[in-house]
Amino acid sequence: MSGTTTQGPQETRIFAPSAAFAAQAAVAGMDAYNALCAEAAADYEGFWARLAKEHLDWQTPFTRTLNEDNAPFYQWFEDGKLNVSYNCLDRNLQNGNADKTAIIFEADDGTATHVSYRQLHEKVCKFANGLKARGIKKGDRVIIYMSMSVEGVAAMQACARIGATHSVVFGGFSAKSLQERIIDAGAVAVITADEQLRGGKRLPLKAIVDEALGLGGCDSVKDVIVYRRTGGDIAFKAGRDLWLHELVDGQSADCEPEWVEAEHPLFILYTSGSTGTPKGVQHASGGYLLWAALTMKWSFDIKPSDVYWCTADIGWVTGHSYIAYGPTAVGATQVVFEGIPTYPHAGRFWETVAKHKVSIFYTAPTAIRSLIKASDVDPKVHPKNFDLSSLRLLGSVGEPINPEAWMWYYTQVGGEKCPIVDTFWQTETGGHMITPLPGATPMVPGSCTLPLPGIMTAIVDESGQDVPNGQGGILVVKRPWPSMIRTIWNNPERFKTSYFPEELGGKMYLAGDGAIRNKDTGYFTITGRIDDVLNVSGHRMGTMEIESALVANPLVAEAAVVGKPDDTTGESICAFVVLKQARPTGDEAKKLALELRNWVAKEIGPIAKPKEIRFGDNLPKTRSGKIMRRLLRVLAKGESITQDVSTLENPAILEQLKETS
Ligand code: PRX
């Protein structure tokens with residue numbers, strides 16, 4: 001290993017996949033990759049039609065591949081019918097996987113339970129029949145507010161089986177965030193658990209659902225279905241609440257799938273944008289599942305003998321595509337992990353890899369960085385103390401991976417023999433977009449390398465013109481692809497303006513990230529969001545949402561939130577706040593900062609807590625009253641202002657905002 005530690009497109013170290021890996025890979029070598037790209041370029045629709053026929057089972061075959069008549073509301077495989085749960089479960093019963101382990105549930109306390117495809121199928125069918133018995137049907141929306149569990153995956157699959165559209169809300173979101181999502185989705189039911197177990201602690205779920213429903217406006221919700229996880233004390237509202245085990249008790253283990261059109265909405269997942277409330281990203285059934293299944297094969301090179309583990313939560317898109325749907329669609333055995341990486345010790349990931357002989361491991365750079373730090377402090381939790389010989393492929397997702405973390409992952413976890421797939425994608429893209437193919441693409445630390453075959457990514461300037469390699473710009477996708485977002489639930493206009501802006505011609509998908517391609521290799525490096533979206537520990541958050549939460553506090557007059565680079569979490573949240581009262585200092589400032597941080601946690605969820613709060617008499621503003629965020633970003637980093645501040649009305653305020661409370 002040699003070379004520099006230069007970040008970004010100047011990085012010069014290259015790691016080719018081993019010949020042994022390449023020889024057995026689904027896409028073996030760059031020639032195979034290039035052939036797929038050429039096939040897509042020559043006959044785009046033919047390419048996708050072939051893949052959709054090969055990788056999915058259709059109840060009614062499609063005859064039309066892509067309908068662009070109502071662009072950018074694209075439709076894929078529109079006259080075909082299928083069922084997602086059938087493709088993920090029944091198919092496995094027919095092709096010899098019935099007794100294969102589908103899920104190894106690794107509980108918070110280390111207890112492991114194996115669930116076969118036959119058992120998962122039975123669980124899902126009973127669950128689906130239970131939902132039907134409550135009158136839930138095709139097209140209804142169901143909120144899932146659950147911890148990581150077999151039941152969480154089963155809830156998603158059960159909705160898919162009956163054609164109900166689910167919307168999973170991450171268990172770390174507050175009652176208010178949950179209520180907003182319930183109302184926007186118009187959900188008829190909420191599926192939850194009594195409590196969740198994380199890091200040895202019991203955290204409430206059902207109580208938060210009660211609080212959310214109590215906030216009002218949720219009259220559409222008729223049922224609250226509760227999975228008993230801990231047996232903790234919870235309130236039960238007669239006529240509305242019911243136990244999952246009672247609902248499924250006595251239900252048939254057969255449930256004829258609801259055959260839905262390929263475009264039928266499989267799920268809505270709320271994510272943050274630069275403005276306004278979170279957007280309900282709506283995904284279709286056919287195109288989405290095709291990409292989830294296919295990328296399991298292409299990006300992860302999944303084989304029947306693999307034990308796969310994605311450490312994401314089902315509350316995020318990674319947990320949808322790469323836990324609930326992708327792995328089951330390809331008949332994989334996967335670990336579903338309830339806990340956290342640092343409990344009971346920071347070697348838990350590596351211990352679990354050794355315990356279940358995990359061969360494919362997929363996690364976020366934040367987790368890697370925090371485990372590097374932990375093993376510096378306590379050498380006992382270093383990966384070298386665990387038998388990681390089962391690993392053959394590593395993956396990274398959710399945020400840029402810095403070359404140092406990449407190198408540690410490659411050498412200390414992967415023993416220099418495992419390719420790393422640095423997968424760039426988004427809630428809106430449904431699945432991987434730009435990633436090395438493990439048996440083909442030579443890897444460069446910190447670069448997600450090249451787009452997958454059929455994915456027409458490009459980098460353009462603000463007028464939509466392509467920029468040459470070596471020059472940074474705006475990341476776009478020039479052609480629709482099957483797993484793309486279909487619309488924003490309840491807000492098609494916002495879908496158009498957010499993702500297909502007129503300034504770029506109205507036809508290119510705007511990812512919201514900046515990117516640059518290496519001059520020589522053409523490899524992509526993501527340079528970060530170009531909008532007001534932050535990425536904290538791989539969690540996406542809008543600065544506006546946090547600002548709105550802050551100004552909702554009766555003490556706060558004004559707030560501006562910016563991201564600050566952070567060694568572990570990638571970015572951290574820094575809030576500049578003007579109170580209605582005089583600017584606090586000393587202990588008073590500390591006390592109020594803590595109060596406001598907890599306030600944001602209550603309003604949005606603990607993940608949105610600002611790490612830092614600075615109080616000022618005012619915020620830096622132009623004469624027309626616009627807050628100059630770029631200056632705040634500089635101050636947050638602790639750097640001195642070198643920019644021109646002549647348009648600033650109140651330059652003296654900058655001095656005050658340098659100080660952390
Ligand atoms: O900024 C990019 C970053 O995460 C954003 C998408 O966040 P979300 O919709 O929550 O989905 C996360 C899981 C796919 C992107 O706009 N991002 C995601 N993966 C990477 C990344 N940035 C750099 N490298 C990646 N591999």
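Keep in mind the model is a prediction, meaning the values are calculated, not measured.

### Some remarks on the overall build of the protein
Across its full length, the protein carries 19 helices and 30 strands. In terms of overall size, the protein behaves like a compact globule, its C-alpha atoms giving a radius of gyration of 24 Å where 661 residues would be expected to give roughly 26 Å. Structurally, the protein occupies a C-alpha span of about 70 × 65 × 60 Å along its principal axes. Looking at the 661 residues of the protein, the share that counts as buried comes to 62%. Counting contacts in the protein only where the partners sit at least 6 residues apart, residues at least 24 apart contribute 70% of the total. Separation between the mean location of the 67 positive side-chain charges and that of the 76 negative ones in the protein comes to 2 Å.

### Some thoughts on the pairing of strand E8 (residues 189-193)
Burial within E8 is extensive, with five of its five residues counted as buried. By the alternation rule, side chains of E8 split into Ala189, Ile191 and Ala193 and Val190 and Thr192, which are all buried. Judged from the four bridges that link them, strand E6 (residues 141-145) and E8 form a sheet pairing that is parallel. Bridging from a neighbouring strand, isoleucine 144 pairs with isoleucine 191 of E8.

### Observations regarding the site of the ligand
Not every one of the 16 residues close to the ligand is listed here, only the nearest: Asp422, Thr427, Asp513, Arg529 and Arg540. Take aspartate 422: an N or O atom from its side chain is 2.8 Å from a nitrogen atom of the ligand. About the coverage of the ligand: the protein hides 94% of its 540 Å² of free accessible area. Elements with a minimum of two residues in the shell around the ligand: strand E20 (420-423) and strand E25 (524-529). Of the residues belonging to the shell around the ligand, the class tally is five nonpolar, six polar and five charged.

### A look at helix H12 (residues 348-356)
Of all the residues in H12, the buried ones are Arg348, Phe349, Trp350, Thr352, Val353 and His356. Directly beyond the C-terminal end of H12, a positive phi value near 50° is found at lysine 357.

### Some points on the sheet that holds strand E22 (residues 473-477)
Sheet architecture is open: four strands sit in the order E21-E22-E24-E25, paired in antiparallel fashion. Single-partner strands in this sheet number two, and they are strand E21 (457-460) and E25. Going across the sheet, the axis of each strand differs from the next one's by a mean of 45°, ignoring polarity. The sheet contact formed by strand E24 (residues 509-517) and E25 spans five bridges and is antiparallel. Considered in E25, the bridge of alanine 515 is made with isoleucine 526.

### Points about the sheet that holds strand E19 (residues 393-397)
Strand order in the open sheet made by the seven strands is E5-E4-E17-E16-E18-E19-E20, with mixed pairing throughout. Every other strand in the sheet has two partners, leaving strand E5 (112-116) and E20 as the edge strands with one partner each. On average, each strand axis in the sheet is tilted by 20° relative to the strand beside it, whichever way the strands run. Here four bridges tie E19 to E20, and the two strands are oriented parallel to one another. Each residue of the ladder has a partner; that of leucine 394, found in E20, is isoleucine 420.

### Quick notes on the confidence of the model for the protein
Per-chain confidence: the protein averages 96 in pLDDT, with 98% of residues scoring 70 or above. Confidence over residues 1-7 falls short of pLDDT 50; this stretch has 16 contacts with residues more than four positions distant or in other chains.

### Details of the packing of helix H10 (residues 286-298) against helix H11 (residues 317-329)
At a closest axis distance of 8 Å, the pairing of H10 and H11 adopts a crossing angle of 80°. Our classification of the angle between H10 and H11 gives roughly perpendicular. Here Tyr288, Leu289, Trp291, Ala292, Ala293, Thr295 and Met296 of H10 lie close against H11, whose contacting residues are His320, Ser321, Tyr322, Tyr325, Gly326, Pro327 and Ala329. Looking at side-chain class alone, the contact of H10 with H11 contains 10 nonpolar, four polar and no charged residues.

### Re the environment of valine 578
Note that valine 578 resides in strand E29 (residues 570-579). Taking the relative accessible area as the measure of exposure, valine 578 reaches 7% and is therefore buried. Residues valine 578 and asparagine 618 lie 40 residues apart in sequence; the distance between their C-alpha atoms is 5.8 Å. Ignoring any residue separated from it by four or fewer positions in sequence, one finds valine 578 in contact with Val556, Ala557, Glu558, Gly616, Asp617, Asn618 and Leu619.

### Thoughts on the pattern of salt bridges
A complete count under the given rule lists 42 salt bridges for this structure. Glutamate 399 is paired through a salt bridge with arginine 369; the nearest N and O atoms lie 2.9 Å apart. A residue pair is termed long-range when its members are at least 10 positions apart, and glutamate 399 in the loop between E19 and helix H14 (403-413) and arginine 369 in helix H13 (residues 365-377) qualify at 30 residues. Assessed through its relative accessible area of 8%, glutamate 399 is described here as buried. Residue arginine 369 is classed as buried on the basis of its relative accessible area, which comes to 8%. As a salt-bridge pair, aspartate 532 and arginine 633 come within 3.6 Å of each other at their nearest N and O atoms. Placement of aspartate 532 in the loop between E25 and strand E26 (533-536) and of arginine 633 in helix H18 (residues 629-637) is noted, with a sequence separation of 101 residues between them. Overall, arginine 633 belongs to the partly exposed group, its relative accessible area being 35%. Three or more residues are tied together by salt bridges with common partners; here these are Lys206, Asp210, Arg240 and Asp241.

### Considerations on the pairing of strand E16 (residues 307-310)
Side chains of E16 alternate between two faces, with Val307 and Trp309 and Tyr308 and Cys310 buried alike. Sheet analysis places E16 next to strand E17 (residues 333-337), joined by three bridges and oriented parallel. Bridge assignment links valine 307 to a residue of E17, and that residue is threonine 333. Running through H11, the crossover from E16 to the neighbouring parallel element E17 is right-handed. Sheet topology note: the E16/strand E18 (residues 360-363) ladder contains three bridges and is parallel. What sits directly across from tryptophan 309, in E18, is phenylalanine 361.

Conventions used here
Residues numbered from 1 in each chain as written. Predicted model: local features only at pLDDT ≥ 70, side-chain atom pairs only at ≥ 80, totals over all residues. Heavy atoms only, no water. Helix = DSSP H or I, 4+ residues; strand = E, 2+ residues; numbered from the N terminus. Rg over C-alpha atoms; globule rule 2.2 N^0.38 Å. Buried < 20%, exposed > 50% of the residue type's maximum accessible area, 1.4 Å probe, protein only. Contact = heavy atoms within 4.5 Å. Lys, Arg positive; Asp, Glu negative; His and termini not counted. Charge placed at Lys NZ, Arg CZ, Asp CG, Glu CD. Pairing = 2+ DSSP bridges. Near = heavy atom within 4 Å. Polar contact = N/O pair within 3.5 Å; in protein donor to acceptor, adjacent residues only side chain to side chain. Areas by Shrake-Rupley, 256 points an atom, 1.4 Å probe, with all protein chains shown as cover. Nonpolar A, V, L, I, M, F, W, Y, C, P; charged D, E, K, R; others polar. Axes fitted to C-alpha atoms, helices over the stretch in contact; angles between N-to-C directions. pLDDT = per-residue confidence, 0-100. Parallel < 35°, antiparallel > 145°, perpendicular 65-115°, else oblique. Salt bridge = Lys/Arg side-chain N within 4 Å of Asp/Glu carboxyl O. Right-handed = clockwise from strand over helix to strand, strands pointing away.

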